Every structure is written in structure tokens, then in C-alpha cells.
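So the chains spell out like this:
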Amino acid sequence: MKERLSIRQLESLVAVAEHANFRKAADAIGITQPALSSQVQLAESALGLQVFERDRRSVLVTPAGEDIVARCRLALSAIDEVSEVARNRGKPLVGELRMGVIPTVAPYWLPPLLGALRKAFPELRLILREEQTARLLELLHGGQIDCAFLALPVAGDF
């Protein structure tokens with residue numbers, strides 16, 4: 001199994017790149033400077049490359065390190081999203097809702113509905129798609145939309 005960087009190592013690499021100073025980076029992420037140095041060394045060893053060039057006065061990100069640090073930022077962002085999704089799961093109507101609507105209904109029902117939805121559920125991101133009933137049914141069956149305003153009657157389980 002490949003050696004995987006820890007979250008602390010990812011944070012350490014990003015902090016050093018952002019602060020260009022080990023002491024300031026350590027303060028920023030709440031660990032000691034020796035602990036930060038150790039995390040960076042472990043990460044560089046696991047990666048098999050030098051992320052930073054260091055001397056007594058400065059810390060520079062190597063060309064290979066630029067790519068690594070950018071990917072560390074993306075990984076940390078994805079990790080943060082996991083927690084955000086989990087927190088939002090307990091709330092009603094948070095996130096994205098893909099709604100289909102037939103053209104004859106959209107101008108009449110959507111303006112008051114959208115205002116009420118935005119007020120009641122400010123964290124809801126509504127994505128609207130205007131199509132005919134047959135196409136909306138296809139999109140519902142395919143999982144491309146979550147709900148729809150349809151013309152009645154509709155055959156099937158809807």
C-alpha cells in the first residue's frame with residue numbers, strides 16, 4: 001500500500017508555503033516549530049521529493065513543490081467539504097435541488113414560489129430546467145432532476 005500523507009502533513013505543507021517561514025507557519029496551524037519541521041520532513045520523505053528549499057534566512061517552494069502544495073490545498077478543501085455535507089444533512093432543504101418545470105406553468109408559479117423558498121430555505125440552491133412533460137419525466141427517471149411541475153394526467157408512478 002502506498003504511503004498516504006496525513007491531514008496534518010497537508011496542513012503543514014500549505015502553511016509553510018503560505019508563510020514562507022517555519023515559525024510563522026507553526027503558529028498559524030497551532031503546533032510547535034519542531035513538530036512542523038518533522039511533519040514537513042515526513043511528507044517530503046513519503047513523496048520522495050523536496051517541496052521546499054530552505055536556508056537560514058528563507059523558505060522557497062520548489063517547482064515540484066508548487067504542484068504538490070496546490071494539490072494539498074485541493075485535498076484540504078475536499079476534506080472540509082465532507083464535514084460541511086455532514087453538518088448540512090441534518091437540515092431540511094440544504095444544498096442543491098434540481099427542479100423541472102413545464103413552460104406554461106413557469107411564469108405564473110415560479111415567481112412567488114422562488115421568493116418563498118429563498119426566504120424559508122436560504123441555504124437551498126435551486127437549479128431550474130424548463131422542458132415539456134415528456135422530457136421532464138425522462139429527466140426524473142434518469143436522476144438528472146429531483147422534482148418537477150408536470151402537466152396532468154401523467155402515466156406511471158408519478
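Overview of the structure. (Residues numbered from 1 in each chain as written. Predicted model: local features only at pLDDT ≥ 70, side-chain atom pairs only at ≥ 80, totals over all residues. Heavy atoms only, no water.)

Some remarks on the overall build of the chain
Next up, step 1: When helices and strands are tallied, the chain shows six helices and five strands.
Next up, step 2: Element order for the chain, N to C, with α for helix and β for strand: α-α-α-β-β-α-β-α-β-α-β.
Next up, step 3: In terms of C-alpha radius of gyration, the chain reaches 25 Å, well past the compact-globule figure of 15 Å for 158 residues.
Next up, step 4: Its C-alpha atoms give the chain principal-axis dimensions of roughly 75 × 35 × 25 Å.
Next up, step 5: Here the chain holds 158 residues, and the buried ones make up 30% of them.
Next up, step 6: Here the analysis covers contacts within the chain between residues at least 6 apart in sequence; of these, 56% occur between residues at least 24 apart.
Next up, step 7: Each charge class in the chain can be summarised by its mean position, and for the 19 positive and 19 negative side chains these summaries are 4 Å apart. (Helix = DSSP H or I, 4+ residues; strand = E, 2+ residues; numbered from the N terminus. Rg over C-alpha atoms; globule rule 2.2 N^0.38 Å. Buried < 20%, exposed > 50% of the residue type's maximum accessible area, 1.4 Å probe, protein only. Contact = heavy atoms within 4.5 Å. Lys, Arg positive; Asp, Glu negative; His and termini not counted. Charge placed at Lys NZ, Arg CZ, Asp CG, Glu CD.)

Observations regarding the nonpolar core
Next up, step 1: Core analysis: the largest hydrophobic core is formed by 20 residues, its most contacted members being L13, V16, L36, V40 and F52.
Next up, step 2: Counting only elements with at least two residues in this core, the list comes to α1 (7–19), α2 (22–29), α3 (33–47) and α4 (63–89).
Next up, step 3: Among the elements that line this core, the one with the most residues is α1, at five residues.
Next up, step 4: The residues touching L13, leaving out its near neighbours within four places in the chain, are L5, V40, A43, L47, V51, F52, I68, V69 and C72.
Next up, step 5: Counting twelve residues, the second-largest nonpolar core is a separate cluster that includes L110, L136, I145 and L150. (Core = buried A, V, L, I, M, F, W, Y, C linked by side-chain atoms within 4.5 Å.)

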